[in-house]
Amino acid sequence: MFTREGDDGSTNVINKRVGKDSPLVNLLGDLDELNSYLGYLVSKLPWEDMKNDIKKVQYTLFEIGEDLSTNGVKKRITMDYVKWLEDRTVAYRKETGPVRLFVIPGGSEEASLVHITRSVCRRIERNTVKYSKELPEMNKMIITYLNRLSSLLFAMALAANKRKGVEENVYDIGKFW
């Protein structure tokens, strides 16, 4: 589908034309990228609980876009969204137990894909902090949500390796210092 309206480097956001290089459009694009990685992850994971959790996150990313695009008039990300992420993270961490060392991303294919998605989420969180300085009206709870989302993805990666019977590869800082 094409409208030719964006051929000049602008797009429609909140019923006004803005440059495609604006902080808001960049942030919305980052969220779209993360949502795409999450969709790929859903297609590769065999576990329904993880797939369902990720699908819920995908939906929430659209709500974040709506929060950003309407300055919270239609949807507003609140602590309830963050609390859900925290609860799900705790559930996966109970399954895997505590982490005592730095985990080197990898292991099973499933865990590796979750780690890639987690690192994309972290980059987008950093960009969101940067964009928030240029978008003072932005709901700062979005930053908190992305921070907790990366924690959930980390816990999911550990759970994926445990479910596949793959031992974590850890970086032992004591070997080098």
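Quick caveat: nothing in here was measured; it's all calculated off a predicted structure.

Chemist: Can you help me understand the overall build of the chain in this one?
Modeler: Check the secondary structure of the chain and you find five helices and four strands. Mapped in sequence order, the helices and strands of the chain form the string β-β-α-α-α-β-α-α-β. Its C-alpha atoms give the chain principal-axis dimensions of roughly 55 × 35 × 30 Å. Residue pairs in contact within the chain that sit at least 24 positions apart in sequence constitute 71% of those at least 6 positions apart. For the chain, the exposed surface amounts to about 10000 Å²; the carbon and sulfur share of it is 53%. The chain carries 28 positive and 25 negative side-chain charges, and their two centres are separated by 3 Å.

Chemist: Could you clarify how one ought to interpret helix H3 (residues 79-96) in this entry?
Modeler: Side chains of residues three or four places apart in an α-helix project in the same direction, reflecting 3.6 residues per turn. If you check H3, its first and last C-alpha atoms are 26 Å apart, about what 18 residues at 1.5 Å a residue would give, namely 26 Å. Within H3 the residues assigned to the buried category are Tyr-81, Val-82, Leu-85, Thr-89, Tyr-92 and Thr-96. Along the axis of H3, the buried residues cluster in a sector spanning 95 degrees; they form a single face. In this structure, H3 carries Asp-80 and Lys-94 as exposed residues pointing more than 90 degrees from its buried face.

Chemist: Teacher, can you tell me more about the packing of helix H2 (residues 48-70) against H3 here?
Modeler: In helix packing, the relevant descriptors are the interaxial angle and the interaxial distance, both defined with respect to the helix axes. Close contact between H2 and H3 brings their axes to 12 Å; oriented N to C, the two are set at 160 degrees. Viewed along their axes, H2 and H3 adopt a mutual orientation that is roughly antiparallel. Considering only the axes of H2 and H3, their crossing is left-handed. Taking contact as the criterion, the partners of Asp-49, Met-50, Asp-53, Lys-56, Val-57, Thr-60 and Glu-63 in H2 are, on H3, Tyr-81, Trp-84, Leu-85, Arg-88 and Tyr-92. A breakdown of the residues in the contact of H2 with H3 according to their chemical character gives six nonpolar, one polar and five charged.

Chemist: Explain the pattern of salt bridges here, please?
Modeler: Note that side chains of opposite charge can pair when their charged atoms are close. Throughout the structure, instances matching the rule amount to eleven salt bridges. Between Lys-75 and Glu-63 there is a salt bridge, with the nearest N and O atoms lying 3.4 Å from each other. Linking Lys-75 in the loop between H2 and H3 with Glu-63 in helix H2, this pair joins segments that are twelve residues apart in sequence. For Glu-63, a relative accessible area of 9% translates into the label buried.

Chemist: Honestly, the environment of Leu-153 in this entry has me stumped. Any pointers?
Modeler: Take Leu-153: it is sitting in helix H5 (residues 141-164). The class of Leu-153 is buried, set by a relative accessible area of 1%. Measuring from C-alpha to C-alpha, the distance between Leu-153 and Arg-88 comes to 10.0 Å, with 65 residues separating the pair along the chain. The contacts of Leu-153, once residues within four sequence positions are left out, are Leu-38, Leu-41, Val-114, Thr-117, Arg-118 and Cys-121.

Thresholds, definitions, all that
- Residues numbered from 1 in each chain as written.
- Predicted model: local features only at pLDDT ≥ 70, side-chain atom pairs only at ≥ 80, totals over all residues.
- Heavy atoms only, no water.
- Helix = DSSP H or I, 4+ residues; strand = E, 2+ residues; numbered from the N terminus.
- Contact = heavy atoms within 4.5 Å.
- Areas by Shrake-Rupley, 256 points an atom, 1.4 Å probe, with all protein chains shown as cover.
- Lys, Arg positive; Asp, Glu negative; His and termini not counted.
- Charge placed at Lys NZ, Arg CZ, Asp CG, Glu CD.
- Expected span 1.5 Å × (residues − 1).
- Buried < 20%, exposed > 50% of the residue type's maximum accessible area, 1.4 Å probe, protein only.
- Arc of directions from axis to C-beta.
- Axes fitted to C-alpha atoms, helices over the stretch in contact; angles between N-to-C directions.
- Parallel < 35°, antiparallel > 145°, perpendicular 65-115°, else oblique.
- Left-handed = near helix turned anticlockwise from the far one by under 90°.
- Nonpolar A, V, L, I, M, F, W, Y, C, P; charged D, E, K, R; others polar.
- Salt bridge = Lys/Arg side-chain N within 4 Å of Asp/Glu carboxyl O.

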